[in-house]
Amino acid sequence: MTDVNGVELGVFIFFFGLVTVVGFAAARWRRGPTLLHLDEWGLGGRGFGTFTTWFLLGGDLYTAYTFIAVPAVVFASGAMGFWALPYAAIAYPIVFLIGPRLWSVSHVHGYVTTADFVRGRFGSKSLGLAIAITGILAMMPYIALQLVGIQAVLTVMGVKGSGLAKDLPLFIAFALLAAYTYTSGLRAPALIAFVKDTLIYLVIIVAIIYIPAKLGGWGHIFDSAQASLAKTNPATHKPSGSLITGDMTHWAYGTLALGSALALFIYPHTVTGALASGRRSVIKRNAALLPAYSLMLGLLALLGYMALAAPDVAAAVKAAKNPQLAVPTLFDHVFPSWFAGVAFAAIGVGALVPAAIMSIAASNLFTRNVYKEFFRPGATPAEETRVSQFVSLLVKVGALVFVLAFDKTLAINLQLLGGIWIVQTFPSLGFGLFTRWFHRWALLAGWAVAMVYGTLTAYNQPSPTQKHFGQSIANIPLVHHTGYIALTAFVINMIVVLALTAIFKATGIPDGVDETGHSDYFADAGEPRVEELPELVAE
Amino acid sequence: MPQGDPRSTSPLVRVVVAVLLIAPFAAYLAVPTYAKVKPRLAGFPFFYWWQLLWVIITAVFIGIAYALTRPRGDDRRTPPDAPSSEEGE
C-alpha cells in the first residue's frame, strides 16, 4: 500500500459520488410542503413505517463503529472486542421498553429532543439543559469515530502523505462531512440510507462467504487467530489477547455490553430516528427486527480474525501500528480492486451519513434547548436554521479535536467515552419515562457527580501510547474488578439520585411540575392529541 | 407507578413478557458460562456461536413480547384525562 490504487480509488469515488448525488437530487426533486412525500414514508406526512424506520435506525446504529472500530478491537485483543455483540442484542429489550413510551409522550407534547422531554417531565429547565449539554458533548467523540473510519479507508487506498500532509485523509473526511450536513438537513441522509445499506449488505454477505472460503474456512481462521493472539506483545510482554474471555476480563466484558446497551437508545441521533416513525408500534416491531443488524455486526467483528489469519494482512496492519486498518487492508488484499472500491465506498458512506445525522441532532439540541430556551426565546425560524448550521459546524470541529488529541490506537475508545457521558442521562430519560418519583434537583446532582467521576476516571486511565483517556475501563470501587466506567458512574449516579430524592421529599423542597399525564405514554397515531413532528425531518 | 399499558393484559402475560425481556440479559451477562471453546459448531468456538445464537433468540423473544402486548380489537381508545400543560420552575 505504498501507492494510490487507481482502480479502487476510482470505483470508490464513483459510488461515493453516485450515492451522494442521488440522495441530494432525490431530496430536492420531491421536496414538497409536507416534506415526507416519498412512497411509504409519505402517507400524508405521517412519518416512517416499519421498513423505513428499520433502514433509518439501522443506518444510525451501525456505523464506522461496526465496520472499523469493533473489528479493530477483535484484531488487537481477541474475544474482549466481541462484547459489542451482546451489547447490540441486549440493547433491544431496552428499546422495546422505553422507545414506544418516548414516542407517545413526544408526539402528545411536541417534544423533538430528549431534553424537551426531561424538561417537561420534571419541570426543570436546568435539568433539560444538563441533558442537552451531555447529548452535544457525547456526540463529538462518536462523530470523531466516524472520521477515523473514513480516514482508515482513505489511508488504505493510498491517499496519505507525510509531514504536514499526514492528516490529509482526515481533513478530506472532515470537509466531506461538513459539505454533507451543511447542504442537506436530515432528508438526504434518510434517502441515502436505503442505497447505503443495500451496498453494505452486499459487501458483508460477500465478505463472510468469500473470505473464509479463501482463507481455508472458519475453523482455520479461529485457529490461526488464536495462535497469533497468543504471541507475546513486545510492548506489554503479555499475550495480546485470547480467543475466549479470561477470568480477569469477564467483568469488563459484561459491563461494557450493559453500559453500551443503556447508552444506545438515548443518544440524540437514535432518538431523532425513532421519533420519525409513524406509530408507536413501529418502534416495538423494530426492536424485534433490528437485531438482524446485530447478527451482521457479530460477523463483521470476526473480520478482525480474518485479518489475523491472513499473514500478509496482519503484517501490514501491525507495521502501520493502526488496527483500524484491519478491515480495509483485508478487503484491499483479498478482493479484486474494483470490489474493494465498492466496499470502501460502502464504509465511507456508512460513516458519513450517521456522522451527518449526529451533528444535526447535536445542533438541534443546542438550538432548541440552549439557544432558544436561555438566550433568544423569540428566535425566528430563519435564525434558528442559521444557528443550527453554525453549531453543527462547531460540533464537527469538536469532533476533529477529539480525533487529533486522542489516542487512536483503538478508536472504539472514542465511542466508549461518549457512552460514559450519555449513560448519565439515563436516570432522567430512561427511568423518567416510567416514574416521576425522582426529585429534579436529585437528578441534577446525580448527573453532575457521575459526569465528574466518569470524566476524571477516564482521564486517569493510561494506555501504552497515551497518559490520559487511554481506555474506558477502570477498577470498580469495592468490587475490585475492571469494568466499564460508564456503568460504575451510573451506579453512583443512581445512589445520589435515590438518597437525595428521599431527603428532598422529606424536607419538602419543592419539586417541578410534571406536564405529562399517565395516558400520554400510551397515545398512538390516530388520536386527536397526537401531533406530527415535522421539525424532525426539516432542515 | 408502573401500571403498564392500560390496553394490555393479564398479570400472567405481564410476567411472561418480563421473563422474555430479562432472559437475554441473564444469558449474556453470565459471561463465565459461555467463555469456552468447546463444543465447536461449523468451526466456530462455543463462545461465538452461542452469542450469535442468542441474538436470534433475543429477536424472537422480543417478537413474542410484541405479539402478546399488541393492542387487539379496537385500536382507537377514547383519550382519557387531558394532560395538564403547566410548566414549572
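The shown structure was predicted, so the numbers you read here are calculated from the model rather than taken from an experiment. Each chain carries its own residue numbering, running from 1 in the direction its sequence is written. Each chain gets a letter, beginning with A, and each ligand a number, beginning with 1, in the order they are written. In keeping with the predicted nature of the model, local features appear solely for residues at pLDDT of at least 70, side-chain atom pairs appear and are counted solely at 80 or more, and the whole-chain, interface and lining totals rest on all residues. To get the side-chain values, take all heavy atoms of the structure and skip hydrogens and water.

1. Some thoughts on the overall build of chain A
Along chain A, the regular secondary structure elements total 23 helices and 4 strands. The buried label goes to any residue with under 20% of its type's maximum accessible area, the exposed label to any with over 50%, and the partly exposed label to all in between, with areas taken from a 1.4 Å probe on protein chains only. With 539 residues in all, chain A has 66% of them scored as buried. Here, two residues are considered to be in contact whenever any of their heavy atoms come within 4.5 Å of each other. Considering only intrachain contacts with a sequence separation of at least 6, the fraction spanning at least 24 residues in chain A is 81%. When the accessible surface of chain A is totalled, it reaches about 18,200 Å², and 70% of it is carbon and sulfur. Under the DSSP-based scheme used, a helix requires at least four consecutive residues in state H or I and a strand at least two consecutive residues in state E, with every element numbered from the N terminus. Computed with a 1.4 Å probe, the accessible areas rest on the Shrake-Rupley method; for each residue, only the protein chains presented here act as cover.

2. A few points about the overall build of chain B
When helices and strands are tallied, chain B shows 3 helices and 0 strands. From first element to last, N terminus to C terminus, chain B shows the α and β order α-α-α. For chain B, buried positions account for 36% of its 89 residues. Taking as baseline every contact in chain B between residues at least 6 positions apart, the subset at least 24 positions apart corresponds to 53%. With the model as given, the accessible surface of chain B reaches about 5,100 Å², and the carbon-plus-sulfur share is 67%.

3. Here's the deal with unusual backbone geometry
A negative phi angle characterises most non-glycine residues, just as the trans form characterises most peptide bonds. All names here are of chain B. In the segment running from K38 into P39, the intervening peptide bond is cis, with an omega of 0 degrees. Turning to its location among the elements, P39 is positioned in the loop between α2 (31–34) and α3 (46–69). The phi dihedral of A42 is positive, around 50 degrees, even though this residue is not glycine. Its place among the elements puts A42 in the loop between α2 and α3.

4. Comments concerning the interface of chain A and chain B
Taken together, the 63 residues of chain A in the interface contact 47 residues of chain B. Buried area is understood as the total, over both parts, of accessible area removed when two parts are fitted together, assessed with a 1.4 Å probe. For the pair chain A and chain B, the summed buried area comes to about 4,600 Å², and 68% of that belongs to carbon and sulfur atoms. Salt bridges, as used here, are contacts in which a Lys or Arg side-chain nitrogen is within 4 Å of a carboxyl oxygen on Asp or Glu. Put simply, chain A and chain B have 1 salt bridge between them. When contributions to the side of chain A that touches chain B are tallied by element, the ones reaching two or more residues are α5 (84–109), α6 (114–122), α7 (125–156), α10 (218–230), α11 (250–264), α13 (280–289), α14 (291–301) and α22 (440–459) of chain A.

5. Re the nonpolar core
In this description, a nonpolar core means a group of buried Ala, Val, Leu, Ile, Met, Phe, Trp, Tyr and Cys residues linked to one another through side-chain atoms lying within 4.5 Å. Ranked by size, the top nonpolar core spans 211 residues in total, and within it W83, I211, Y305 and F331 of chain A together with Y48 of chain B carry the most contacts. Considering every element that reaches this core, the biggest residue donor is helix α18 (residues 337–375) of chain A, with 20 residues. Apart from residues no more than four positions distant in its own chain, Y305 of chain A is found in contact with V74, G78, A79, I221, F222, A225, L229, S242 and L243 of chain A together with Y48 of chain B.

6. Considering helix α12 (residues 268–275) of chain A
In an α-helix there are 3.6 residues to a turn, and that puts residues three or four apart on one side. Across the 8 residues that make up α12 of chain A, a large majority, 8, are buried. Three or more residues of α12 of chain A are buried, namely P268, H269, T270, V271, T272, G273, A274 and L275 of chain A.

7. Quick notes on the packing of aromatic side chains
Only rings of Phe, Tyr and Trp enter the pairing, Trp through its six-membered ring, and a pair is recorded when the two centres are within 6.5 Å. The plane angle decides the type: under 30 degrees is stacked, over 60 is edge-to-face, the rest tilted. If you walk through the whole model with that rule in mind, you get 35 aromatic pairs over all chains. Between the aromatic rings of W338 of chain A and F339 of chain A, the centroid separation amounts to 5.5 Å while the plane-to-plane angle is 80 degrees, which identifies the pairing as edge-to-face. Among the aromatic residues, those joined into a cluster by ring pairs are F82, W218, F222, Y253 and Y305 of chain A together with Y34, F44, F47 and Y48 of chain B. Here R101 of chain A stacks its cationic end above the ring of F434 of chain A, 4.3 Å away from the centre of that ring. Lying over the aromatic face of F46 of chain B, K36 of chain B brings its terminal NZ or CZ to 5.0 Å of the ring centre. Our definition puts a charge over a ring when NZ of Lys or CZ of Arg is within 6 Å of the ring centre and also within 35 degrees of the ring normal.

8. A closer look at helix α17 (residues 326–334) of chain A
Extensive coverage of α17 of chain A is indicated by the burial of 8 of its 9 residues. All of the buried residues along α17 of chain A are A326, V327, P328, T329, L330, F331, D332 and V334 of chain A.

9. Comments concerning the pattern of salt bridges
A complete count under the given rule lists 9 salt bridges over all chains for this structure. A salt bridge links D223 of chain A to R40 of chain B; the nearest nitrogen and oxygen atoms lie 2.8 Å apart. With D223 of chain A in helix α10 and R40 of chain B in the loop between α2 and α3, this residue pair bridges two chains. Residue classification places R40 of chain B among the partly exposed positions, given a relative accessible area of 30%. Notably, a salt bridge pairs R436 of chain A with D514 of chain A, separated by 3.6 Å at the nearest N-O pair. Of this pair, R436 of chain A sits in the loop between α21 (426–429) and α22 while D514 of chain A sits in the segment after α23 (485–507), and the two are 78 residues apart along the sequence. You'll find R436 of chain A and D514 of chain A in the same group, each marked buried. Ionic contacts of the salt-bridge type, sharing partners, join the residues R121, R436, D511 and D514 of chain A into one network.

10. Notes on the packing of α6 of chain A against α18 of chain A
Residue and element names in this part refer to chain A. Think of each axis as a best-fit line through the C-alpha atoms, taken over the contacting stretch in the case of a helix, with angles from 0 to 180 degrees between the N-to-C directions. Between α6 and α18, the shortest axis-to-axis distance is 8 Å and the interhelical angle comes to 45 degrees. It follows that α6 is oblique to α18 by the angle criterion. Of the residues in α18, those in contact with T114, A115, D116 and R119 of α6 are L365, R368, N369 and E373. Residue composition of the contact of α6 with α18, grouped by class: 2 nonpolar, 2 polar and 4 charged. For this classification, under 35 degrees means roughly parallel, over 145 means roughly antiparallel, 65 to 115 means roughly perpendicular, and everything else is oblique. Polar here means any residue outside two lists: the nonpolar Ala, Val, Leu, Ile, Met, Phe, Trp, Tyr, Cys and Pro, and the charged Asp, Glu, Lys and Arg; Gly therefore counts as polar.

11. Some remarks on the environment of P212 of chain A
Residue and element names in this part refer to chain A. Tracing the backbone shows P212 in helix α9 (residues 187–215). Expressed as a C-alpha distance, the spacing of P212 and M306, which sit 94 residues apart in the sequence, is 7.4 Å. Not counting the four nearest positions on each side in its chain, P212 is found in contact with A207, G217, W218, I221 and M306.

12. A few points about the side chain of E373 of chain A
Residue and element names in this part refer to chain A. Relative to the helices and strands, E373 is located in helix α18. The exposure class assigned to E373 is buried, which follows from its relative accessible area of 17%. Polar contact is the term for a pair of N or O atoms within 3.5 Å; when the atoms are in protein, one must be able to donate a hydrogen and the other to accept it, and sequence-neighboring residues count only if both atoms are side-chain atoms. One polar contact links E373 to R119, side chain to side chain, over a distance of 2.9 Å. When neighbours within four sequence positions are excluded, E373 is seen to be in contact with R119, K125 and R368.

13. What about the environment of G273 of chain A?
All names here are of chain A. Mapped onto the elements, G273 comes out in helix α12. Since its relative accessible area comes to 4%, G273 is described here as buried. Spatially, the C-alpha atoms of G273 and I357 are 9.0 Å apart, while their sequence positions differ by 84 residues. Discounting chain neighbours no more than four positions away, the residues touching G273 are L56, L57 and D60.

The quantities given are spatial measurements derived from coordinates; they are silent on function.
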